[in-house]
Amino acid sequence: VVVCKTGGAADQRLSRGISSDQRPKRPLTAYLRFVMDNRPAFREKNPEASNLELIKKIAGAWKELPASQKQVYEEARKTDWKRYGEQMAAYKAQLTSAQAAALKEERRKQLEKRKSMRAKRELNLLGKPKRARSGFNIFLSENFQESEGTSPVAKLKKLFDTWQKMSTSQKQPYLQLAEDDKVRYENEMKSWEAKMIELGREDLVRSKKQRLKKKPAETAKQAETKKKSSSGGNKAKLKKSEE
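Along each chain, residue indices are assigned from 1 in the same order as the chain's sequence is written. It should be noted that, the model being predicted, local features are given only for residues of pLDDT at least 70 and side-chain atom pairs only at 80 or more, the latter also being counted only at that level, while totals for whole chains, interfaces and linings use all residues. The side-chain numbers reported here are obtained from all heavy atoms of the structure, hydrogens and water having been left aside.

The protein is annotated in an unreviewed UniProt entry as Transcription factor A, mitochondrial from Cyanistes caeruleus. UniProt positions are given in the numbering used here, feature names are shortened, and annotations may be inferred rather than shown by experiment. Comment text from UniProt for the protein, heading Subcellular location (unreviewed entry), reads "Mitochondrion matrix, Mitochondrion nucleoid".

This is the structure we're talking about:
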């Protein structure tokens, strides 16, 4: 008897078990059917074109395709979609409750991943500043190529061990660069968020609490000192008032 812990790899193995060859495949869209049907011919006519250039040419041909010809692909999609619905219903009917739950969770994770990828693409298109790097990340980028190790993972482990053994004075240059990068990030974010407000995208602007949390260390210290100073002043005023 093999006992697996729930979560992580075990969930993935369960999901892969459900996503077997027996699980019905989702039908292609009308456009993808057109791509599959015409890609060989386009490749033959454009042997030197890259995959991206080839897809652009096929997309252009689809855009110019008469509605009557597009309808042929659309009807084929509808027919396959109906068949897919019937096959999927039969497939789900044979699953145990545990498999059905795992299938539902797998679907939820897929949707979350797609949503996250779409959000990331949108932020890239809107020019959101890159996050500030940590001292270790800066050390890593500067030394990764020359690091010992037969694989990226081995190199990463070697550099992490080196970083752990470094003294505070050895780390200081990288930590200072990280502090400078925090200032850069905050300044760029302020400009970017102002632009997003102008565009009506307040949903992309951080809350006040998030902005305070991401303040550079020096700024945070200054704020704390100011707070203590203000608190001390208020206490002095109160004491004087009581006298």
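Right, let's get into a positive patch on the surface. To count toward a patch, a residue needs a relative accessible area above 30% and no salt bridge. Like charges then connect within 9 Å, nonpolar side chains (Val, Leu, Ile, Met, Phe, Trp, Tyr) within 5 Å. Accessible areas in this description were obtained via Shrake-Rupley with a 1.4 Å probe; residue shielding takes into account the shown protein chains only. For this document, the term salt bridge refers to a Lys or Arg side-chain nitrogen within 4 Å of an Asp or Glu carboxyl oxygen. Counted as positive: Lys and Arg. Counted as negative: Asp and Glu, with His and the chain ends omitted from the count. Charged groups are reduced to one reference atom each: NZ for lysine, CZ for arginine, CG for aspartic acid, CD for glutamic acid. A contiguous patch of positive charge, built from Arg26, Arg114, Lys115, Arg118 and Arg121, is present on the exposed surface. Helix numbers and strand numbers start at the N terminus; a helix is a DSSP run of H or I with at least 4 residues, a strand a run of E with at least 2. Relative to the elements of secondary structure, arginine 118 occurs in helix H5 (residues 97–125).

This brings us to the UniProt feature "coiled-coil region" (unreviewed entry) in the protein. Per the UniProt annotation, the sites labelled "coiled-coil region" (unreviewed entry) are residues 88–120 and 175–202. In residues 88–120, helix accounts for 91% and strand for 0%; the two terminal C-alpha atoms are 32 Å from one another. In this annotation, residues 175–202 is assigned 86% helix and 0% strand; the end-to-end C-alpha distance for the span is 33 Å.

Bringing helix H6 (residues 135–143) into the picture now. Of all the positions in H6, only Gly135, Phe136, Ile138, Phe139 and Leu140 are classed as buried. Where H6 is buried, its residues meet helix H7 (152–165) and helix H8 (168–198). Summary of the burial criterion: residues with accessible area below 20% of their type's maximum are buried, those above 50% are exposed, and those between are partly exposed, where the area comes from a 1.4 Å probe applied to protein chains only. Whether two residues touch is decided by their heavy atoms; if any such pair falls within 4.5 Å, the residues are in contact.

Let us now look at the packing of H6 against H7. Axis angles are defined between N-to-C directions and span 0 to 180 degrees, where every axis is a line fitted to C-alpha atoms and, for a helix, only to the segment in contact. Orientation of H6 relative to H7, taken along the N-to-C sense of each, is 125 degrees, at an axis distance of 11 Å. With respect to their mutual orientation, H6 and H7 come out oblique. In the packing of H6 onto H7, the handedness of the crossing is right-handed. Note on element contacts: H7 touches H6 through Leu156, Leu159, Phe160, Thr162 and Trp163, opposite Gly135, Phe136, Phe139, Leu140 and Asn143. Put simply, Ala, Val, Leu, Ile, Met, Phe, Trp, Tyr, Cys and Pro go in the nonpolar bin, Asp, Glu, Lys and Arg in the charged bin, and everything else, Gly too, in the polar bin. Classifying every residue of the contact of H6 with H7 by side-chain character gives seven nonpolar, three polar and no charged. Should an angle fall under 35 degrees it is taken as roughly parallel, and over 145 as roughly antiparallel, whereas 65 to 115 is taken as roughly perpendicular and any remaining angle as oblique. What makes a crossing left-handed is the near helix being turned counterclockwise from the far one by less than a right angle; a clockwise turn instead makes it right-handed.

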